[in-house]
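One letter stands for each residue in the lines below.
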Amino acid sequence: MKKLRLFLWMALLGVPVVQVNAQGNIHQQSSVYEWPTDSQVKQKLDQWQDQKFGMIIHWGLYAVPGIIESWELCSEDWIERDSTMSYDDYKKWYWGQSAKFNPVKFNPDQWAIAAKSAGMKYVVFTTKHHDGFSMFDTKQSDFKITNGPFAGNPKANVAKYVFEAFRKQSFMIGAYFSKPDWHTEYYWWPKYATADRNNNYDIRKHPWRWNQFKQYTYNQISELMHDYGKMDILWLDGGWVRPLETVNDEVRAWGASIPAWSQDIDMPRIANMARQAQPGLLIVDRTVHGPYENYQTPEQRIPDHKLNNPWESCMTLGNAWGYVPNDQLKSATKVVHSLIEIVAKGGSLLLGVGPQPDGTLTEEAVQRLAEIGKWLDKNGQAIYNTRTTDVFKDGDVYFTKAKAGNTLYALAQLPEGKDVPAFIEWTGNVPKKGSAMTLLASGTKVKWEHSGNKVKVWLPDAFRKQNKTYPALAIAFTTEG
C-alpha cells in the first residue's frame, strides 16, 4: 500500500502520526500451487472461478480513528511513530477504541446492494483482523463488537447480519480471519515486549501457552463455521503464522524477522473441523502453499503473466483497506481495466472497501461501485463464467473464452478520458470465416475483416456518438476451435 499518514485532526487528539511503508503489510504470492483432491472442494472451486469479481470488507476498531487497519500496533522498521507517545501508551489508546466503536447506522443491506450494483458475486468479510477485535459474538474473548457501546443493538453480532445481507443478494460467502491475534496473551504475552508481528515468546520453552493459542484459534473458527450459516470461503490472513519448515524467501520478503520456532496452529485439524461443518469449503491459507491454499492471493498487484491455477488479486478501491477519511478512490475505468487484465490472466478481482465508523459506506464509494456495475451490466458476458485463452493479450486487447462452447471475447481497454476510436485491431484469435461479431455494449453486429493474422473491427457511429468515452469494449465472436 502507498505511504499514508494519520490525519491532522488525529494529531490534535494527541494520537501519534504514523507513516506506513508500502511493503511491510503486503502478502507476497506463493510460488507453488497444489490442486485440491476433495471432489466437493474442486466443485466449489470451479463455481468460485465463475464469479470473477468480489468485495472484501475491512471493518474494525481502526475505522474509528480512520487509520490503516491494525498495523500501527505492530513494532517494525517500516512503521514510524511520533516520539511524543510511548509504544505502550499507543497500544492502550488503540485498545481503547473499543469503548468508542458504536456504529449506530450499521447498514449491511446498503453494502450488499452496493456490491450487487457493482456486479460483484462474492464477499469476504473481516471477522477479526490482527488486532484481535472480533466482529462477531465469539465466546472466547470479551474483546469484541458485542461487548461495547454497540452491545445493545439488535444487530450487535455484526458478522451474522453482514453474511445474511449478502446471502439475500445471492453472493458466495467468505469469512476473513486473522491467524495472528495481537490482543490475546496466548500470542502476545504481556510478560515480554512486542517486537514485531510474530508471537513474542519462545514456543519451544512455553508449549502450554502456544497450545492455548491453538485451541483459542480453533474455537473461534469453529464458531464461525457452525453458527453463521452456509460458508463458501475461509480466508485466512497472517501468513507468517505457519510451520517453520514452510518459511521461505517469500515470507522473509515481508521484512519481518523470522523466529527460530514454528508457529504451527495445526491446519489439518482446523480444516477437518471446518469442512465437516461446511462441506466443500474453500480454504485460503494465504501464501502457505499446500492443501490449504485453494487459491493464491497476490496483493495490490496483478501478476505479469497468465496463471493456470486458481488465483485472486486482492486490491483496494482507494489507497487503504479500511476506512480512511478523504481517501482517493480509483476511477471506474481503472477498476474495469484491472478486472479485464486479471480475468484474462485466469484470476478474479477481490476489491477492498472500508465502511465508515458509523456502519455505512461513503456516498463516493457507492457511486463508484455503481459506475463499475454499469459497465459490467452490458459487458459481463465477457467476464463471468469465462476461462483463459492461449493468446490472452495483444497490446491493450485482452481475450477470454466462454466456459462452454467456442465463443471468444476481445476486451479492448480504452484510454481514460479519450474519445471512443473508430476501430480496434489485434493480432491472433482470428474469428471463424463468415461469422458475426457482436459489440456487447450495444448488442449490435459490427463490421470486421482480417488480413493474415491481423483482425480489424469498426465500431458503430451510433455507439460512438452516444458514448464519447467508455472504459473498455467487449466483442463476442466464434473461432474455428
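Here the structure is a predicted model, which is why all the values come from computation and not from measurement.

Peer 1: Is there a simple way to think about the pattern of salt bridges in this case?
Peer 2: Scanning the model with the defined rule gives 21 salt bridges in all. The salt bridge involving D181 is made with K128; its shortest N-O contact spans 2.8 Å. Placement of D181 in the loop between β5 (172-178) and α6 (207-227) and of K128 in strand β4 (residues 122-128) is noted, with a sequence separation of 53 residues between them. One exposure class covers both D181 and K128, and it is buried. Across the pair R368 and E364 runs a salt bridge whose closest N-O atoms are separated by 3.7 Å. Taken together, the residues span about one helical turn, with R368 and E364 both in helix α10 (residues 363-379) at a distance of four residues. E364 sits in the partly exposed class, given a relative accessible area of 41%. One connected set of salt bridges, linked through shared partners, spans D46, D50, R387 and K403.

Peer 1: What exactly am I supposed to notice about the sheet that holds strand β18 (residues 454-458) here?
Peer 2: Strand pairs in the sheet, formed through backbone hydrogen bonds, run parallel or antiparallel to each other. An order of β14-β18-β17 is seen for the three strands of this open sheet, with the pairing classed as antiparallel. Edge positions in the sheet fall to β14 (423-427) and β17 (448-451), since each has one partner strand and no second. Recorded for the sheet is a direction-independent mean angle of 15° between the axes of neighbouring strands. Pairing of β17 with β18 involves four bridges; the strand directions are antiparallel. Each bridged residue has a counterpart across the sheet, and for W448 the counterpart in β18 is V457.

Peer 1: Explain the nonpolar core to me, please; I cannot follow it from the model alone.
Peer 2: Nonpolar side chains in soluble globular proteins tend to end up buried together. Of all hydrophobic cores here, the largest spans 132 residues; its most connected members are F53, W59, F125, F166 and W426. Among the elements that make up this core, the one with the highest residue count is helix α9 (residues 332-344) (eight residues). In contact with F166, not counting residues within four places along its chain, are M55, I57, P108, W111, A112, A115, V123, F171 and I173. Counting residues in hydrophobic clusters, the runner-up holds 17 residues, among them V41, Y122, Y176 and C314.

Peer 1: Hey, could you run me through α9 in this one?
Peer 2: In an α-helix, one full turn covers 3.6 residues, which means residues spaced three or four apart are oriented alike. Taking 1.5 Å of rise per residue, 13 residues should cover 18 Å, and α9 covers 18 Å from first to last C-alpha, within 8% of that figure. By the criterion of burial, α9 is predominantly enclosed, with 12 of the 13 residues buried. Taken together, the buried positions of α9 are occupied by A332, T333, V335, V336, H337, S338, L339, I340, E341, I342, V343 and A344. Backbone geometry just after α9 places G346 at a positive phi near 100°.

Peer 1: Help me understand the confidence of the model for the chain in this model?
Peer 2: When pLDDT drops low, the exact placement of atoms in the prediction is not to be read closely. Residues with a pLDDT of 70 or more make up 94% of the chain, whose mean pLDDT is 92. Counting contacts from residues 1-23, a segment whose pLDDT is below 50, to residues more than four positions away or on other chains yields 65 contacts.

Peer 1: Can you walk me through the sheet that holds strand β9 (residues 347-353) in this structure?
Peer 2: Spatially, β7-β6-β5-β4-β2-β9-β8 is the arrangement adopted by the seven strands of the open sheet, whose pairing is parallel. Either end of the sheet is taken by a strand with one partner, and the two such strands are β7 (282-285) and β8 (311-316). Taken over all neighbouring pairs, the strand axes of this sheet differ in orientation by 20° on average, direction set aside. Examined bridge by bridge, strand β6 (residues 233-237) and β7 share four bridges and lie parallel to one another. Residue W235 lies in a different strand from β7, and its bridge partner there is V284. Its contacts with the sheet put α6 on β4, β5 and β6, and the angle it makes with β5 is roughly 165°. Sheet strands touched by α9: β2 (53-57), β8 and β9. Its angle to β9, the strand with the most contacts, is close to 150°.

Rules used in this analysis
- Residues numbered from 1 in each chain as written.
- Predicted model: local features only at pLDDT ≥ 70, side-chain atom pairs only at ≥ 80, totals over all residues.
- Heavy atoms only, no water.
- Salt bridge = Lys/Arg side-chain N within 4 Å of Asp/Glu carboxyl O.
- Helix = DSSP H or I, 4+ residues; strand = E, 2+ residues; numbered from the N terminus.
- Buried < 20%, exposed > 50% of the residue type's maximum accessible area, 1.4 Å probe, protein only.
- Pairing = 2+ DSSP bridges.
- Axes fitted to C-alpha atoms, helices over the stretch in contact; angles between N-to-C directions.
- Core = buried A, V, L, I, M, F, W, Y, C linked by side-chain atoms within 4.5 Å.
- Contact = heavy atoms within 4.5 Å.
- Expected span 1.5 Å × (residues − 1).
- pLDDT = per-residue confidence, 0-100.

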